[in-house]
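What follows is the residue order along each chain.
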Amino acid sequence: SLAHQEANASFNKDVVYRRWATINEGVYIPITEVNLPNPYLNVQERDISTPSGKKLTLVNPAYMTRQVHELGQKEYGLQGHITSLKPLNPGNAPDPWETKALKSFEQGEIENTSVETIDGKTYFRLIRPLITEEGCLTCHSHQGYKVGDIRGGISLAIPMKPYLLSAQIRIVRMAKGLGLIWFIGAAGLWIGMGSIRNRIRERDSVEQERDRYIEELQQALREVKQLGG
């Protein structure tokens with residue numbers, strides 16, 4: 001479905017952004033009320049100052065992903081959640097649906113999807129696993145992860161409203177198209193029936209004319225016999 005395609009595209013984009021941040025060992029950004037230092041990032045030089053005195057903090061891939069998801073929800077209503085069965089940040093703890101999916105990844109599943117109601121709205125949910133890469137061990141090696149291990153997943157919830165409206169529009173258009181076809185078919189049938197009725201009347205008229213001609217001919221023959229007798 002289109003919602004599934006959008007969710008997959010969003011997941012792939014998240015993975016690419018995370019990989020870029022991992023390769024570059026995180027990114028320094030100005031410390032603000034929004035960009036506070038990550039208390040769960042225990043690395044040297046997490047916070048630094050530039051020669052001009054500007055305060056910077058290191059943003060690791062998980063922190064970056066959370067901020068991207070918050071922006072995506074604000075701008076587009078798309079809900080994203082980086083999660084794990086062993087989260088460093090309690091805010092990354094999985095909900096029941098995510099917990100079940102994360103456990104299924106340990107059994108070899110590579111994706112979980114469903115349509116769910118969240119806060120009274122319908123969403124298409126998708127979650128796929130995050131695989132540990134070399135750069136991930138900077139923050140997660142103390143948790144016992146190795147390269148190639150599944151250490152969580154990214155969960156996405158795509159609003160279904162636009163897709164449901166689009167489906168309704170397609171159904172209405174289809175119904176109109178079928179209605180037009182039905183009308184054309186009915187009109188053609190009516191015209192065809194009219195043509196058949198005209199042919200029947202023409203046939204009846206020809207038969208009546210034939211019968212009248214035969215009757216006149218027989219009458220003429222009877223008269224000739226009487227004259228000859």
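Structure first, text after, so check above.
Reading the values: the criteria
Residues numbered from 1 in each chain as written. Predicted model: local features only at pLDDT ≥ 70, side-chain atom pairs only at ≥ 80, totals over all residues. Heavy atoms only, no water. Buried < 20%, exposed > 50% of the residue type's maximum accessible area, 1.4 Å probe, protein only. Helix = DSSP H or I, 4+ residues; strand = E, 2+ residues; numbered from the N terminus. Pairing = 2+ DSSP bridges. Axes fitted to C-alpha atoms, helices over the stretch in contact; angles between N-to-C directions. Contact = heavy atoms within 4.5 Å. Salt bridge = Lys/Arg side-chain N within 4 Å of Asp/Glu carboxyl O. Expected span 1.5 Å × (residues − 1).

K.L.:
Could you clarify how one ought to interpret the pairing of strand E7 (residues 150-159) in this entry?
P.N.:
Every other side chain in a regular strand lies on the same face of the sheet, so the side chains alternate between the two faces. Most of E7 is tucked away: 8 of the 10 residues are buried. Inspection of the sheet shows strand E4 (residues 79-83) paired to E7 by 5 bridges, in the antiparallel sense. Across the sheet, isoleucine 82 pairs through a bridge with isoleucine 154, a residue of E7. Judged from the 9 bridges that link them, strand E6 (residues 121-131) and E7 form a sheet pairing that is antiparallel. Bridged to phenylalanine 124 within E7 is isoleucine 158.

K.L.:
How should I be thinking about the sheet that holds E6 in this particular structure?
P.N.:
Backbone-to-backbone hydrogen bonds join strands into a sheet, with any given pair of strands oriented parallel or antiparallel. The strand order across the open sheet formed by 4 strands is E4-E7-E6-E5, and the pairing between neighbours is antiparallel. With one partner strand each, in any of the chains shown, E4 and strand E5 (112-118) form the two edges of the open sheet. Strand-to-strand twist across the sheet, computed as the mean angle between neighbouring axes with direction ignored, equals 25 degrees. Helix H2 (residues 61-76) rests against E4 and E7 of the sheet, and its axis sits at about 165 degrees to E4. Packing of helix H3 (residues 96-105) onto the sheet brings it into contact with E4, E5, E6 and E7, and relative to E6 it is tilted by some 35 degrees.

K.L.:
Looking at this structure, I do not really get the pattern of salt bridges. What am I missing?
P.N.:
Where side chains of opposite charge bring their charged atoms close, a pairing between them can arise. This structure, assessed with the given rule, holds 4 salt bridges. A salt bridge links arginine 125 to glutamate 98, with the nearest nitrogen and oxygen atoms 3.5 Å apart. Separated by 27 residues along the polypeptide, arginine 125 in strand E6 and glutamate 98 in helix H3 bring together distant segments of the chain. Accessibility expressed as a relative area gives 8% for arginine 125, which makes it buried.

K.L.:
Looking at this model, I keep getting lost on H2. Mind explaining?
P.N.:
What sets the pattern is the α-helix's 3.6 residues per turn: residues three or four places apart point alike. With 16 residues, H2 should cover 22 Å at 1.5 Å per step; its first-to-last C-alpha distance of 22 Å lies within 8% of that length. All buried positions along H2 are accounted for by Pro61, Ala62, Tyr63, Met64, Thr65, Arg66, His69 and Gly72. Those residues of H2 that are buried are in contact with helix H1 (2-23), strand E3 (55-59), E4 and E7. Just past H2, the residue glycine 77 takes up positive phi, approximately 75 degrees.

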